[in-house]
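Observations on chain architecture
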Number of protein chains: 2
Amino acid sequence: MIDRFIEKIKETGAPVCVGLDPKVSMLPMSVSDRIFAENGKSLESIAGAFFEYNKGIIDAVKDLVPSVKPQIAMYEELGIPGLICYQDTVKYAKDAGLIVIGDVKRGDIGSTCASYAAAHLGQTEGETTFATDYATVNPYMGSDGINEFLKAGLEYDRGIFVLVKTSNPSSAEFQDLDINGEKLYEKVAVKVSQWGEASIGKCGFSDVGAVVGATYPEVGRRLRKLMPHTMFLVPGYGAQGAGGADLKDYFDKDGLGAVVNSSRGIIAAYRKDEYSSYGDEGYAEAARAATLDMIRDLRENAGVYR
Amino acid sequence: MIDRFIEKIKETGAPVCVGLDPKVSMLPMSVSDRIFAENGKSLESIAGAFFEYNKGIIDAVKDLVPSVKPQIAMYEELGIPGLICYQDTVKYAKDAGLIVIGDVKRGDIGSTCASYAAAHLGQTEGETTFATDYATVNPYMGSDGINEFLKAGLEYDRGIFVLVKTSNPSSAEFQDLDINGEKLYEKVAVKVSQWGEASIGKCGFSDVGAVVGATYPEVGRRLRKLMPHTMFLVPGYGAQGAGGADLKDYFDKDGLGAVVNSSRGIIAAYRKDEYSSYGDEGYAEAARAATLDMIRDLRENAGVYR
């Protein structure tokens, strides 16, 4: 998996992931008004509006970036229609040639873990349900919560990103606790690195990546050294406050090894002053402009591969 | 929420939760053969068989126990038909008067957390999707991953069980790490206790419970003292090796404060030697017999309220 991902990052010169995390309050009226007028406002019609919205974004960025990351919670909130929209979005993005990271943050043990792995990376009775190229995984339960994902990853050539240090303010409550001079997230990082040893590709990185928030640059630097073969998925750019200059040390000397996610900053760019000239109906063009600005920022200030 | 739960535990004299975690390999042929013969073996027909199986179990135990716990991973594995089955199972169990614990182990931050909370405890646009009485939650991201569940819990009178010390062997990898003489799970326990302060009921327990595995009796004892107002959800009974005698100290002096889960040990009892006389078509009666045996064990050996 990882070699394909790094290849696509090199092709685009843009280590960027666009987060497809729609909320009703974020929908452009040009999408929602028409759909709600035709079908009323129901879970089905909202899911339909999300799919329209996502397709617009995907079409606008697919030649610029290697990957998108739908956040399954936003779809789960809409129940069954929402999860059908999630599946449709995953398929549409794959068909557009994008690598799809399912931000599902699942984590459980044994046969339960195997069920999640089948759903999000593999197959069930020969059928694909919610499978994406990557899934995000929570490490709290230890190896028992990871092994079945690793197994499915090897079988289906897919990968995971394990939560190591998240971008939110309260991530410090547990992740930063001190264990004989090391932080909990460093202990997790060492395990993540071990879990990836069996799947290191030609590019030097493995199929087992780490979620490392953009909001703690010194942590990124430390973890880059601690996990030389681990790809980082970096949330917290833009809306959560971090910029390209904060991310320099998340990348290796070749400017590789991390993919930076932006969700609201791209998909809701049309609501920001700097892109307001695109108007509501130009939400996709605004997303494209915001993506280009983000790529420029990363190239100029984070020194990424190009 | 918690007062209703404790009341039902007192009524039944059985602090037991039946885990509805079906797997294809576990289905009685009396259920699967007929359904697969009629409809072939597809995700839809498997989901249909799961629902038949679950209904049989629920009908057989609903007068004996206060609660059931469907594990959403087993349903997610079947995609959309599986999640429809999950919803149907939740509804069927609620209509039978049972308290339903959605074992979803979700965990994310901010507006994403709000989406999960709406899906699993609350409503979306006035509609219920996957909501259960309780949801299990992963604490790795700290308070940002809990607050929206607390908010939804207060609004809809529902509760959560936060993973503290899980029953699996590798739970020690991170949960047992030593932080200045305390374990990580003790640090999490203190937070869980704080998160519950706003929802302590007349019974003395709060709507914010803790998952504490049955497989570490000394840990249960320690956590019972550390979290006097916290209800425990206890996995690991039976199939994972723990018995009633191991659980004495998980309960308070009144024999309250914990609910013990058994999944395979009940729903697949018909496959065990001791219940094999019920036969395949007697799987529900076997589940009832295994539940009665579990209740007797807890009454005799764990000293639970009756």
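Residues numbered from 1 in each chain as written. Chains lettered and ligands numbered in written order. Predicted model: local features only at pLDDT ≥ 70, side-chain atom pairs only at ≥ 80, totals over all residues. Heavy atoms only, no water.

Thoughts on the relation of the copies chain A and chain B
In plain terms, the rule: Only residues with pLDDT of at least 70 in both copies contribute their C-alpha atoms to the least-squares superposition of the copies. The contact criterion used throughout is that any non-hydrogen atoms of two residues lie within 4.5 Å.
Expressed as a screw operation, the relation of chain A to chain B combines 0.0 Å of axial shift with a rotation of 180°, fitting to an RMSD of 0.0 Å. In short, the pair behaves as if placed about a two-fold rotation axis. No C-alpha of chain A lies nearer the rotation axis than that of Ile179 of chain A, which sits 2.5 Å from it. Of the interface residues in chain A, 100% have counterparts in chain B that sit at the interface too, so the contact is made through matching surfaces.

Re the nonpolar core
The condition that has to hold: Throughout, nonpolar core names a set of buried Ala, Val, Leu, Ile, Met, Phe, Trp, Tyr and Cys residues whose side chains join them through atoms within 4.5 Å. The buried label applies to any residue whose accessible area, calculated with a 1.4 Å probe on protein chains only, is under 20% of its type's maximum; exposed applies above 50%, and partly exposed to all values in between.
With 230 residues, the main nonpolar core has Val18 and Leu247 of chain A together with Val18 and Leu247 of chain B as its most contacted residues. Apart from residues no more than four positions distant in its own chain, Val18 of chain B is found in contact with Ile57, Val61, Val65, Ser67, Val68, Lys69, Asn261, Ser262, Ile266, Ile267 and Thr291 of chain B.

Regarding the packing of helix H3 (residues 43-61) of chain A against helix H12 (residues 283-301) of chain A
Think of two packed helices as two axes; the pair is described by the angle between the axes and how far apart they sit. Residues and elements named next belong to chain A. Spelled out, the test is: In this description, a line fitted to the C-alpha atoms serves as the axis of each element, helices being fitted only across the stretch in contact, and the angle between N-to-C directions of two axes falls anywhere from 0 to 180 degrees. Only DSSP runs of H or I with at least four residues qualify as helices, and only runs of E with at least two residues qualify as strands; both kinds are numbered from the N terminus onward. Roughly parallel here means an angle under 35 degrees, roughly antiparallel means over 145, roughly perpendicular means 65 to 115, and every remaining angle is called oblique. Left-handed is the label given to a crossing in which the near helix is rotated counterclockwise from the far helix by less than a right angle, and right-handed is the label when the rotation is clockwise. Under the grouping applied here, Gly and all other residues not named as nonpolar or charged are polar, the nonpolar ones being Ala, Val, Leu, Ile, Met, Phe, Trp, Tyr, Cys and Pro and the charged ones Asp, Glu, Lys and Arg.
Contact pair H3 / H12: the axes reach a minimum separation of 8 Å and the direction vectors enclose 45°. Our classification of the angle between H3 and H12 gives oblique. The crossing of H3 and H12 is right-handed. The residues of H12 that touch H3, namely those facing Glu52, Tyr53, Gly56, Ile57, Ala60 and Val61, are Tyr283, Ala284, Ala287, Arg288 and Thr291. Counted by class, the contact of H3 with H12 contains seven nonpolar, two polar and two charged residues.

Considering H12 of chain A
Residues and elements named next belong to chain A. Heads up, the rule is: Multiplying 1.5 Å by the residue count of a helix minus one yields the expected span of that helix.
Along its 19 residues, H12 runs 26 Å from first to last C-alpha, staying within 8% of the 27 Å computed at 1.5 Å per residue. Along H12, the residues classified as buried are Tyr283, Ala284, Ala286, Ala287, Ala289, Ala290, Thr291, Met294, Ile295, Asp297 and Leu298. On its buried side, H12 packs onto strand S1 (16-20), helix H2 (29-39), H3, strand S10 (258-262) and helix H11 (264-267).

Description of the pattern of salt bridges
The criterion, for reference: For this analysis, a salt bridge means a side-chain nitrogen from Lys or Arg found within 4 Å of a carboxyl oxygen belonging to Asp or Glu.
For the coordinates displayed, the defined rule picks out 42 salt bridges over all chains. Residues Lys105 of chain B and Asp108 of chain A are paired through a salt bridge, measuring 2.7 Å at the closest nitrogen-oxygen approach. Linking Lys105 of chain B in strand S3 (residues 99-106) with Asp108 of chain A in the loop between strand S3 (99-106) and helix H6 (110-120), this pair reaches from one chain into another. For Asp63 of chain B, the salt bridge goes to Arg288 of chain B, with nearest N and O atoms at 2.7 Å. Of the two residues, Asp63 of chain B is situated in the loop between helix H3 (43-61) and strand S2 (67-70) and Arg288 of chain B in helix H12 (residues 283-302); the sequence distance between them amounts to 225 residues. Residue class for Arg288 of chain B comes out partly exposed when judged on its relative accessible area of 29%. What emerges from the salt-bridge pattern is a single network uniting Lys69, Asp103 and Lys105 of chain A together with Asp108 of chain B.

Here we look at the packing of aromatic side chains
Residues and elements named next belong to chain A. Rule in force here: When the centres of two rings from Phe, Tyr and Trp lie within 6.5 Å, Trp using its six-membered ring, the rings pair. Their planes under 30 degrees apart give stacked, over 60 give edge-to-face, and anything left gives tilted. Geometrically, a lysine NZ or arginine CZ counts as sitting over a ring once it is within 6 Å of the ring centre and also within 35 degrees of the ring normal.
All told, the structure shown has 18 aromatic pairs over all chains when counted by the stated rule. Here the aromatic cluster, defined as three or more aromatic residues joined through ring pairs, consists of Phe50, Tyr75, Tyr86 and Phe130. If you follow Lys165 out to its NZ or CZ, it ends over the ring of Tyr216, 4.2 Å from the centre.

Brief notes about the side chain of Asp21 of chain B
Residue and element names in this part refer to chain B. Rules: His is not counted here, nor are the chain ends, while Lys and Arg score as positive and Asp and Glu score as negative. A 3.5 Å cut-off defines polar contacts: any pair of N or O atoms within that distance qualifies, except that in protein one atom must be a possible hydrogen donor and the other a possible acceptor, and neighbouring residues in sequence count only when both atoms are side-chain atoms.
With respect to the element layout, Asp21 can be found in the loop between strand S1 (16-20) and helix H2 (29-39). One buried charged residue, Asp21, remains without a salt bridge, the closest side chain of opposite sign being Lys69 at 4.6 Å. A distance of 3.0 Å separates polar atoms of two side chains, one belonging to Asp21 and the other to Ser263. Not counting residues within four places of it along the chain, the set of residues in contact with Asp21 comprises Met26, Lys69, Pro70, Gln71, Met74, Ser263 and Ile267.

Focus: the confidence of the model for chain A
Our working rule: Confidence scores per residue from the predictor, reported as pLDDT, run from 0 to 100.
For chain A, the mean per-residue pLDDT works out to 96, and 99% of the residues sit at or above 70. Interface predicted TM-score (ipTM) for the complex: 0.97; the corresponding pTM is 0.98.

Focus on the sheet that holds strand S9 (residues 232-234) of chain A
Residue and element names in this part refer to chain A. Going by this rule: One bridge is not enough; two strands pair if DSSP finds at least two bridges between them.
The parallel closed barrel is built from eight strands, whose spatial order is S1-S2-S3-S4-S5-S8-S9-S10. The average angle at which neighbouring strand axes cross in this sheet is 30°, direction not considered. Across three bridges, S1 lies against S10 in parallel orientation. Within the sheet, the bridge partner assigned to Val16 lies in S10 and is Val260. Along the sheet, helix H9 (residues 184-195) contacts strand S5 (159-165) and strand S8 (208-212); its crossing angle with S5, the most-contacted strand, is approximately 165°.

What to know about the sheet that holds strand S9 (residues 232-234) of chain B
Across a sheet, strands are paired by hydrogen bonds formed along the backbone, either parallel or antiparallel in direction. Residues and elements named next belong to chain B. Around the barrel, which closes on itself, the eight strands sit in the order S1-S2-S3-S4-S5-S8-S9-S10 with parallel pairing between neighbours. Taking each pair of neighbouring strands and ignoring which way they run, the sheet shows an average axis angle of 30°. Bridge count for strand S4 (residues 134-137) against strand S5 (residues 159-165) is four bridges, and the pairing is parallel. Note that in S5 the partner of Thr136 across the bridge is Phe161.

Considerations on the side chain of Thr89 of chain B
With respect to the helices, strands and loops of the structure, Thr89 of chain B is situated in helix H5 (residues 79-95). Given the relative accessible area of 1%, Thr89 of chain B is considered buried.

As for the environment of Leu233 of chain A
Residues and elements named next belong to chain A. Residue placement: Leu233 occurs in strand S9. Separated by 97 residues in sequence, Leu233 and Thr136 place their C-alpha atoms 9.3 Å apart. Leave out the neighbours within four places in its chain, and Leu233 touches Lys69, Ile101, Thr136, Phe161, Ala210, Val211, Val212, Val259 and Asn261.

Here we look at the environment of Tyr237 of chain B
Residues and elements named next belong to chain B. Inspection of the secondary structure puts Tyr237 in the loop between S9 and strand S10 (258-262). For Tyr237, a relative accessible area of 12% translates into the label buried. When the C-alpha atoms of Tyr237 and Leu154 are compared, they prove to be 30 Å apart, with 83 residues separating the residues in sequence. At 2.5 Å, the side chain of Tyr237 and the side chain of Asp297 are in polar contact.

Observations regarding the packing of helix H9 (residues 184-195) of chain B against helix H10 (residues 217-226) of chain B
Residue and element names in this part refer to chain B. H10 packs onto H9 with a crossing angle of 30° between their chain directions and a minimal axis gap of 10 Å. Considering their axes alone, H9 and H10 lie roughly parallel with respect to each other. When the axes of H9 and H10 are compared, the crossing they make is right-handed. In contact with Tyr185, Glu186, Ala189 and Val190 of H9, H10 contributes Val219, Arg222, Leu223 and Leu226. The class makeup of the residues in the contact of H9 with H10 is six nonpolar, no polar and two charged.

Describing the state of the cysteines
Residues and elements named next belong to chain A. What counts here: Sulfur atoms of two cysteines make up a disulfide when they are within 2.5 Å.
Applying the stated criterion across every chain yields a total of zero disulfides over all chains. Of all cysteine sulfurs in the structure, the one in Cys17 sits closest to Cys85, which takes part in no disulfide; the separation is 17 Å. A relative accessible area of 3% means that Cys85 is categorised as buried.

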